[in-house]
Amino acid sequence: MKKIKKMLADGIVFKNPVLVQLLGLCSMLAITTSVSNAIGMGISVTAVLIFSNLLISLLRKFIPNEVRIASYVVIIASFVTIVEMVVHAYVPALYKSLGVFLPLIVVNCIILARAESFASKNKPLDSVLDGLSMGIGYTLALLVISVVRELLGNGTIAGINILGSDYDPMLIAILPAGGFIILGFLIAGMNKLLSLRKKENKGDEE
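**As for the overall build of the protein chain**
Piece 1. A tally of helices and strands in the protein chain yields eight helices and two strands.
Piece 2. For the protein chain, the sequential pattern of α-helices and β-strands runs α-α-α-α-α-α-α-β-β-α.
Piece 3. Relative to a compact globule of 206 residues, whose C-alpha radius of gyration would be 17 Å, the protein chain shows 18 Å and is just as compact.
Piece 4. Reported as C-alpha extents along the three principal axes, the dimensions of the protein chain are approximately 60 × 55 × 30 Å.
Piece 5. When the 206 residues of the protein chain are sorted by exposure, 39% land in the buried category.
Piece 6. Surface accessibility of the protein chain: about 11300 Å² in total, with carbon and sulfur atoms responsible for 70%.
Piece 7. Within the protein chain, one finds 18 positive and 13 negative side-chain charges whose respective centroids are separated by 8 Å.

Right, dumping it as structure tokens:
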């Protein structure tokens, strides 16, 4: 139980793939203009993370070191194709909205990084937990950014009008520049939080 809590805390906060490790930023900036897109992408990436981590961990002793990266890409691409087909079949509006960024999950830095640094060195259950924790962390980061961008840029959250019809939208929030600015503030806030935690831990040790 302690291990599960630590892995979840790492994925969500201390090693958050977006706000701490700064991975997967291209797709994040592109699709966080709306909450629905962020949730759809987050769930898709989490599913690919979990299943690719699991299979890579199961095959870690059989994959030759010389072709391990190519093997990981093939495994990840297979699961991305499955997720893409499922989304296309059952949520066509989301499929259309995410566009090319859904198949591009294949080259998402987060997935390949976890495959190389964790799944290829750990047992299947631990690898699944790692994929889940990193996926949750990624999804929450996307959700926070998309809520701020959609609210400021359109006055809505998930298409629901929050700020009323008189609200004058800040269009920069849904433009790439606005995404970078909001991301910068969130990263700064996370760095401050982690810095304060380090000081507290150092004080406790002393």
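**Describing the side chain of Thr 156**
Piece 1. Position of Thr 156 relative to the elements: it lies in strand β1 (residues 156–157).
Piece 2. Residue class for Thr 156 comes out buried when judged on its relative accessible area of 12%.
Piece 3. For Thr 156, the side chain forms a polar contact with the side chain of Glu 150, separated by 2.8 Å.
Piece 4. Not counting the four nearest positions on each side in its chain, Thr 156 is found in contact with Glu 150, Leu 151, Asn 161 and Ile 162.

**Looking at the packing of helix α3 (residues 35–59) against helix α6 (residues 109–119)**
Piece 1. Axis separation between α3 and α6 bottoms out at 10 Å; the angle between their running directions is 30 degrees. Between α3 and α6, the angle falls in the class roughly parallel. As for the relative orientation of α3 and α6, their crossing is right-handed in sense. Residues Val 45, Val 48, Leu 49, Ser 52, Asn 53, Ile 56 and Ser 57 of α3 form the contact with α6, whose own contacting residues are Ile 110, Ile 111, Arg 114, Ala 115 and Ala 119.
Piece 2. Residues belonging to the contact of α3 with α6 are distributed by class as follows: eight nonpolar, three polar and one charged.

**Let's talk about α6**
Given 3.6 residues per turn, any residue in an α-helix points the same way as the ones three and four places further on.
Piece 1. Among the residues of α6, Ile 110, Ile 111, Arg 114, Ala 115, Phe 118 and Ala 119 are the ones counted as buried. Around the axis of α6, the buried residues are gathered within 135 degrees of arc, so they sit on the same side.
Piece 2. Buried residues along α6 sit against α1 (2–14), α3, α4 (68–90) and α7 (124–154).
Piece 3. Capping of α6 at its N-terminal end is provided by Asn 108; its side-chain oxygen lies 3.0 Å from the backbone amide nitrogen of Ile 110.

Calculation criteria
- What you see as residue numbers is a count from 1 along each chain, following the sequence as written.
- Confidence filtering applies because this is a predicted model: local features only for residues at pLDDT of at least 70, side-chain atom pairs given and counted only at 80 or more, and all residues used for totals across whole chains, interfaces and linings.
- Where side-chain values are given, they derive from all heavy atoms of the structure, hydrogens and water being excluded.
- Here a helix means four or more residues in a row that DSSP labels H or I, a strand means two or more in a row labelled E, and each is numbered from the N terminus.
- Note on method: radius of gyration uses C-alpha positions; expected globular size equals 2.2 Å times residues raised to 0.38.
- Three exposure classes are used, based on accessible area relative to the maximum for each residue type with a 1.4 Å probe and protein chains only: buried under 20%, partly exposed in between, and exposed over 50%.
- Exposure was quantified through the Shrake-Rupley algorithm and a 1.4 Å probe, taking into account, for residues, occlusion by the shown protein chains and nothing else.
- Here the positive residues are Lys and Arg and the negative ones are Asp and Glu; neither His nor the chain ends is included.
- Taken as the charge location is NZ of Lys, CZ of Arg, CG of Asp or CD of Glu.
- Any pair of N or O atoms that falls within 3.5 Å is considered a polar contact. Within protein, one atom must be able to donate a hydrogen and the other to accept it, and sequence-neighbouring residues count only if both atoms are side-chain atoms.
- Here, two residues are considered to be in contact whenever any of their heavy atoms come within 4.5 Å of each other.
- All axes are obtained by fitting lines to C-alpha atoms, using only the stretch in contact for helices, and the reported angles, taken between N-to-C directions, cover 0 to 180 degrees.
- Our angle categories are set so that under 35 degrees counts as roughly parallel, over 145 as roughly antiparallel, 65 to 115 as roughly perpendicular, and the remainder as oblique.
- For a crossing to be left-handed, the near helix must be turned anticlockwise from the far one by less than a right angle; the clockwise case is right-handed.
- Throughout, the ten residues Ala, Val, Leu, Ile, Met, Phe, Trp, Tyr, Cys and Pro are labelled nonpolar, Asp, Glu, Lys and Arg are labelled charged, and all others, Gly among them, are labelled polar.
- Each direction from the helix axis to a C-beta atom contributes to the arc, which is the arc of those directions.

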